[in-house]
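# A look at the structure
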Amino acid sequence: MVRLNLLLLALLTACALGLVTAQHKARKLFVELEQEQERGRSLEVEYGQLQLEASTWATPSRVERVARERLRMHPPGLKRLQVTDTKQGAAQ
C-alpha cells in the first residue's frame, strides 16, 4: 500500500509539473502573440503613412513644380506643338 501511495504521489507530482510547464509555455506564447499583433498594427499604420507620402510626392502639381524649379524645364511654345489624330494614325 505504501508503494502504491508513493507511486501515485510521484505520478501526481509529474502531472502537476507538466501542467505548470504547459501553462507557463502558453502564457509565454500568448505574450509573444500580443507583441507580434502590436508590431503588425504599427506596420499597418506606417504603411498607410508611406502610401499617403507617396501620393503626396506624385501629385501632378508637385511634379510640375519640381520640373520647373530643379530641372529648369518649361512647356514648349505653341509653334513647337504638334497635334496628331490617333484614329487616323492607327488606320494607316
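Parameters at a glance
Residues numbered from 1 in each chain as written. Predicted model: local features only at pLDDT ≥ 70, side-chain atom pairs only at ≥ 80, totals over all residues. Heavy atoms only, no water. Helix = DSSP H or I, 4+ residues; strand = E, 2+ residues; numbered from the N terminus. Rg over C-alpha atoms; globule rule 2.2 N^0.38 Å. Buried < 20%, exposed > 50% of the residue type's maximum accessible area, 1.4 Å probe, protein only. Areas by Shrake-Rupley, 256 points an atom, 1.4 Å probe, with all protein chains shown as cover. Patch = residues over 30% accessible without salt bridge, like charges linked within 9 Å, V, L, I, M, F, W, Y side chains within 5 Å. Salt bridge = Lys/Arg side-chain N within 4 Å of Asp/Glu carboxyl O. pLDDT = per-residue confidence, 0-100. Arc of directions from axis to C-beta. Contact = heavy atoms within 4.5 Å.

## Focus: the overall build of the protein chain
When helices and strands are tallied, the protein chain shows three helices and zero strands. Helices and strands appear in the protein chain in the N-to-C order α-α-α. Computed over C-alpha atoms, the radius of gyration of the protein chain comes to 36 Å, more than 25% over the 12 Å expected from 2.2 N^0.38 for 92 residues, which places it beyond the range of a compact globule. Dimensions along the principal axes, computed over C-alpha positions, put the protein chain at roughly 115 × 40 × 15 Å. A total of 92 residues make up the protein chain; the buried ones form 3% of that total. Working note: accessible area of the protein chain is about 9300 Å², and carbon and sulfur atoms make up 62% of it.

## Focus: a nonpolar patch on the surface
Taken together, Met1, Leu4, Leu7, Leu8 and Leu11 make up a surface patch of nonpolar side chains, about 570 Å² in accessible area. If you trace the backbone, Met1 turns up in the segment before α1 (2-57).

## Quick look at the pattern of salt bridges
Overall, the coordinates contain two salt bridges when judged by the stated rule. One salt bridge in this structure joins Glu38 and Arg41, with 3.0 Å as the shortest N-O distance. One end of the pair, Glu38, and the other, Arg41, are both in helix α1, three residues apart, so they sit about a helical turn from each other. Among the residues examined, Arg41 registers a relative accessible area of 45% and is labelled partly exposed.

## Some remarks on the confidence of the model for the protein chain
Looking at the protein chain, pLDDT values average 92 and 96% of them are 70 or higher. Averaged pLDDT values for the elements of the protein chain fall to 68 in helix α3 (residues 86-91) and rise to 96 in α1.

## Considerations on helix α2 (residues 60-69)
For an α-helix the count is 3.6 residues per turn, leaving residues at separations of three or four pointing the same way. Among the residues making up α2, those that are buried are Arg62, Val66 and Ala67. One side of α2 carries all its buried residues, which in axial view fall inside an arc of 135 degrees. Among the exposed residues of α2, those pointing more than 90 degrees away from its buried face are Pro60 and Ser61. Tucked into the core, α2 has its buried residues touching α1.

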